[in-house]
Every structure is written in C-alpha cells, then in structure tokens.
Amino acid sequence: MFDEILGLPLHPLVVHAAVVLTPLLAVLAAVYALLPRTRPVLTWAVVGLAPIVPVSVFVARESGESLEEGRFASAGGQLGERIAEHASFSIPLLLVTLALGVMSLALVHVSRGDRFDRRVGAAVSALTVVLAAVALYYVVRAGHSGAVTVWAN
C-alpha cells in the first residue's frame, strides 16, 4: 500500500507534505497560543492541520519503511548508517506531531466559550508552544538527514 504510485516510489512524493505541513502547524499553533488576537483568523487553519499533519507523517514513515525494505534492505556502510539515522527520527516525529495535533485542538477548545479559565489556557498554550518547538526540531532533523542520505556523495 505504501510502495509506489504510478510506478514511482511513494516516499519521495509524500514526504514533502510532512516537511511542509509540520512546520506550518507548528508556527500557526505557536502564534495561536502566544497571540490571542490572531485566534479568529487562525482557528480554521489550526483545526484543519491538526489531524492532517500526523497522518502525513505516518504515511511518510510507512512509505519510507517500504522503500527501505524494497530497495535498500542490503544497504551497508555509510549509506546504511545514513538510512538508519534518517529512519530513527520517524517515531519521535510521529509522536510529537500527534501530541501537537491533539494539544492544538485542545487549545482551540479551551480558548472558546464564556467559561475560559486563564490558568488552563496558559498551561495548554505553554505546552502547545513546547510541542511546536520539538516538532520543528524533529522535522528539520528528519528532513536534513534524508537530504544528506540522498544527495551526499
């Protein structure tokens, strides 16, 4: 299922969704958390991206595993090490994007309504910002290690 699309390996095609949408959610969720006046404008984007980002990371991870098993199972030496390093970022990135998606939705939820509790809102905002920073870290590390694997001699 995660092997190919139209005869091309799926991973290099779908990885771009994760690499673009993860930082977009991270930045928008952090802005939503830190600048309450932007919330009316950003709500739809945060709510829309929150479920899409973890799904895109999951598809990128699964297609990467399929690519590795299908075409690079016997890769050794420096290439094998680079592939292993790149793959090592997939689980942390998936977990943090899942947490960021859930926390972003929680932030939207606690920010709405008449019974807004400032302490709860502050805690959820702080956690959202931390998760956004961690997601940015892992998506940059995963993207960079993947690029090095493909393009380094």
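Everything that follows concerns the structure shown earlier in this document.
All figures in this text were calculated on a predicted structure; none of them were measured in a lab. (Residues numbered from 1 in each chain as written. Predicted model: local features only at pLDDT ≥ 70, side-chain atom pairs only at ≥ 80, totals over all residues. Heavy atoms only, no water.)

## Topic: the packing of helix α1 (residues 11-34) against helix α2 (residues 39-71)
Interhelical geometry of α1 versus α2 gives an angle of 150 degrees and a closest axis separation of 7 Å. In terms of their interaxial angle, α1 and α2 are classed as roughly antiparallel. Handedness of the α1/α2 crossing: left-handed. Class assignment for the residues of the contact of α1 with α2 results in 23 nonpolar, six polar and one charged. (Axes fitted to C-alpha atoms, helices over the stretch in contact; angles between N-to-C directions. Helix = DSSP H or I, 4+ residues; strand = E, 2+ residues; numbered from the N terminus. Parallel < 35°, antiparallel > 145°, perpendicular 65-115°, else oblique. Left-handed = near helix turned anticlockwise from the far one by under 90°. Nonpolar A, V, L, I, M, F, W, Y, C, P; charged D, E, K, R; others polar.)

## Details of the environment of Val 150
With respect to the secondary-structure elements, Val 150 resides in helix α5 (residues 118-151). In the structure, Val 150 is positioned 67 residues away from Ile 83 in sequence and 9.2 Å away in space, judged by C-alpha atoms.

## Let's talk about the pattern of salt bridges
The tally for this structure, following the rule as stated, stands at four salt bridges. The partner of Glu 85 in a salt bridge is Arg 141, and the shortest N-O contact between them spans 3.7 Å. One end of the pair, Glu 85, is in helix α3 (residues 77-88); the other, Arg 141, is in helix α5, and 56 residues separate them in sequence. Note on Glu 85: relative accessible area 39%, which makes it partly exposed. Given the relative accessible area of 31%, Arg 141 is considered partly exposed. Salt-bridge contacts for Arg 119 lead to Asp 117; the nearest nitrogen and oxygen are separated by 3.8 Å. (Salt bridge = Lys/Arg side-chain N within 4 Å of Asp/Glu carboxyl O. Buried < 20%, exposed > 50% of the residue type's maximum accessible area, 1.4 Å probe, protein only.)

## A closer look at unusual backbone geometry
Generally, phi is negative for residues other than glycine and the peptide bonds are trans, each holding for most cases. The backbone phi angle of Leu 6 is positive, close to 55 degrees, even though this residue is not glycine. Tracing the backbone through its elements, the reader meets Leu 6 in the loop between β1 (4-5) and β2 (8-9). For Leu 6, a relative accessible area of 87% corresponds to the exposed category.

## Focus: the packing of aromatic side chains
Taken as a whole and assessed by the stated rule, the structure comprises two aromatic pairs. Considering the side-chain rings of Phe 89 and Tyr 138, the 6.4 Å spacing of their centres and the 55 degrees angle between planes classify their relative orientation as tilted. Residue Phe 89 is located in the loop between α3 and α4 (90-110), and its partner Tyr 138 is located in helix α5; the two are separated by 49 residues in the primary sequence. For Phe 89, a relative accessible area of 8% corresponds to the buried category. On the basis of relative accessible area, Tyr 138 is assigned to the partly exposed category, the value being 23%. Judged by centre distance (5.0 Å) and plane angle (80 degrees), the ring pair of Tyr 137 and Tyr 138 falls under edge-to-face. Members of the aromatic cluster, connected to one another through ring pairs, are Phe 89, Tyr 137 and Tyr 138. (Phe/Tyr/Trp six-rings, centres within 6.5 Å; stacked < 30°, edge-to-face > 60°.)

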